[in-house]
Amino acid sequence: MKDFSKLCINNTLEEKIRQIKELFKENYKEEFEIFISSFKHYRTRAELSFYHKDDDIFYAMFDEKTKKKYIIDTLDFCDEKICNLMPLLLDYIKKNFALKEKLFGVEFLASKKELSVTLLYHKDINLIEKELSDLSKNLQLNLIARSKKKKLIFQKEILTQNLNIFDKEFIYEFNNDCFIQPNTLINEKMIEWVLTILKQETTKDLLELYCGYGNFTIALASCFKKVLATELSKKNIQFALKNCELNQISNIDFIRLSSEELSQAFKKEREFNRLKHINLDDFNFSHVLVDPPRSGLNKEVINLIKNYNNIIYISCNPLSLKENLDFLLKTHQIKKFALFDQFVHTKHLECGILLKKI
Ligand SMILES: C[S@@+](CC[C@H](N)C(=O)[O-])C[C@H]1O[C@@H](n2cnc3c(N)ncnc32)[C@H](O)[C@@H]1O
């Protein structure tokens, strides 16, 4: 598989749209729906390295290929809370040897109202617990420190997110170990796009793969009688169950199963303890929702989902989507195609597709 970004000449949305239209010209000839993002402060997650020179320390990024280093002062595409904190945090660390020594990375995570910071160390963080605690207090920071096999939390690590989906508000909790859609505005638009489709459809039950902490699941559940939502990561599933409670939703079964395991379960090739309270034959799936990682769907998963009439496919990689469509379009056709500029000023683009059985 090639890299979609390599096909683009520049990072403009126009160029990305042009490439997508070219890539899918044999598969889809109707209008694309396009969702644009704000240019600034859209990104809720950032990971930076630290560069140490003499006694000083700087935020930095390293180009993996060329090994070239870039000193970073600010990232104005990041959430404003991250932008505001970055200089304050660096200034504090510069003045404190214990915090500065062997510090190699930082991760910022923001929800609409909250922020957490994770500092990564090449030394035993228990030795600097007091300094970390003071930092958290003085900057009023939800702080996590990590070193090999160790983690310390100051204030809290779980953030609350409020998503506004049309006229409803949904509440989610997650932490830095979860997959998080990085652009909250676009995330809300993606969920609304799926909801708009579902409101025009006859729905029964939903099968969702790659559900994360329930980002789509929670907001879509009321459109279905029952929902079976699966995901590989234990942490994500723990938060998904909590998020069900927070939103008082009772028609979702969240199960920790990889997509490969789910395919085996459907084919009755293997029995899973995690599924012992569930009879897969009791479901009547009218819709399948998939939101896989960049690699897309493997053959087993394609063979599973092609049995269903309606497939909603959210993709962060147009090239793996294109490869998967080579198989899915033998049984289905594309009815809707949306483009979400989740990663503004980069060559990446998120796609949403509705497929219906021919
Ligand atoms: C692009 S994210 C989407 C998550 C979720 N839909 C959301 O909107 O937040 C892909 C998710 O797939 C999960 N994942 C990765 N490989 C998987 C696999 N083989 N089987 C099941 N889930 C997997 C990841 O843990 C991640 O949560």
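Cut-offs and rules
Residues numbered from 1 in each chain as written. Predicted model: local features only at pLDDT ≥ 70, side-chain atom pairs only at ≥ 80, totals over all residues. Heavy atoms only, no water. 1 Å grid on protein atoms, 1.4 Å probe; cavity = no way out; pocket = protein on both sides within 12 Å on 5 of 7 lines; lining within 4 Å. Points joined across faces, edges and corners; volume = space filled by probe spheres on them. Helix = DSSP H or I, 4+ residues; strand = E, 2+ residues; numbered from the N terminus. Nonpolar A, V, L, I, M, F, W, Y, C, P; charged D, E, K, R; others polar. UniProt positions renumbered as here; feature names shortened; annotations may be inferred. Buried < 20%, exposed > 50% of the residue type's maximum accessible area, 1.4 Å probe, protein only. Contact = heavy atoms within 4.5 Å. Salt bridge = Lys/Arg side-chain N within 4 Å of Asp/Glu carboxyl O. Phe/Tyr/Trp six-rings, centres within 6.5 Å; stacked < 30°, edge-to-face > 60°. Lys NZ or Arg CZ within 6 Å of the ring centre and 35° of its normal. Pairing = 2+ DSSP bridges. Axes fitted to C-alpha atoms, helices over the stretch in contact; angles between N-to-C directions. Near = heavy atom within 4 Å. Polar contact = N/O pair within 3.5 Å; in protein donor to acceptor, adjacent residues only side chain to side chain. Areas by Shrake-Rupley, 256 points an atom, 1.4 Å probe, with all protein chains shown as cover.

- Labelled according to an unreviewed UniProt entry, the protein chain appears under the name tRNA (Uridine(54)-C5)-methyltransferase TrmA, originating from Campylobacter novaezeelandiae.

1. Describing empty space enclosed by the protein
- In this structure the tally under the stated criterion is one cavity of 30 Å³ or more.
- When its volume is computed, the largest cavity comes out at roughly 70 Å³.
- Listed by contribution, the elements that provide at least two residues to the lining of the largest cavity are β9 (159-165), β10 (168-174) and α6 (184-199).
- Within the lining of the largest cavity, the residues separate by chemical class into six nonpolar, six polar and no charged.

2. What to know about the UniProt feature "active site" (unreviewed entry) in the protein chain
- Here the UniProt feature "active site" (unreviewed entry) sits at C316.
- Relative to the helices and strands, C316 is located in the loop between β15 (310-315) and α11 (318-328).
- Using a relative accessible area of 17% as the deciding quantity, one classes C316 as buried.
- The residues touching C316, leaving out its near neighbours within four places in the chain, are P292, P293, R294, L349 and E350.

3. A few points about the pattern of salt bridges
- Counted according to the given criterion, the structure contains 21 salt bridges.
- For E188, the salt bridge identified is with K112, shortest N-O distance 2.6 Å. Taken together, the residues span a long stretch of sequence, with E188 in helix α6 and K112 in the loop between β5 (103-110) and β6 (115-121) at a distance of 76 residues.
- Here E188 falls in the buried class, since its relative accessible area comes to 10%.

4. Side note on the packing of aromatic side chains
- Across all of its chains, the model carries 15 aromatic pairs by this definition.
- Look at F24 and F337: their rings are 5.1 Å apart centre to centre, the planes differ by 65°, and that puts the pair in the edge-to-face class. Taken together, the residues F24 in the loop between α2 (13-23) and β1 (33-35) and F337 in strand β16 (residues 332-340) connect sequence positions 313 residues apart. This pair shows no difference in class: F24 is buried, exactly as F337 is.
- With a centroid separation of 5.5 Å and an interplanar angle of 55°, the aromatic rings of Y28 and F337 are classed as tilted. Remark: F337 occurs in strand β16 and Y28 occurs in the loop between α2 and β1; sequence separation between them is 309 residues.
- Site record: aromatic cluster; members linked through ring pairs are F24, Y28, F32 and F337.
- Above the face of the Y51 ring, K69 is positioned so that its terminal group lies 4.5 Å from the ring centre.

5. Considerations on the sheet that holds strand β7 (residues 142-147)
- The seven strands are arranged β4-β3-β2-β5-β6-β7-β8 in an open sheet whose pairing can be described as mixed. Two strands bound the open sheet, and with one partner strand each, they are β4 (69-72) and β8 (150-154). Mean inter-strand twist for the sheet, computed between neighbouring axes without regard to direction, equals 30°.
- Strand direction decides the pairing type here: strand β2 (residues 45-53) and β5, joined by five bridges, are antiparallel. Counted as the bridge partner of L48 is V106 from β5.
- Strands β6, β7 and β8 of the sheet are contacted by helix α5 (residues 129-138), whose axis makes an angle of about 35° with β8.

6. Thoughts on the site of the ligand
- The full set close to the ligand counts 18 residues, and Q181, N215, E231, S259 and D291 are the nearest of them.
- For the ligand, an oxygen atom lies 2.9 Å from a polar atom in the side chain of N215.
- At a separation of 2.9 Å, a nitrogen atom of the ligand approaches a polar side-chain atom of D291.
- Considered on its own, the ligand offers 600 Å² of accessible surface; in the complex 88% of this is hidden by protein.
- Breaking the shell around the ligand down by element, the ones donating at least two residues are α7 (215-220) and α9 (259-266).
- Taken together, the residues of the shell around the ligand sort by class into eight nonpolar, seven polar and three charged.

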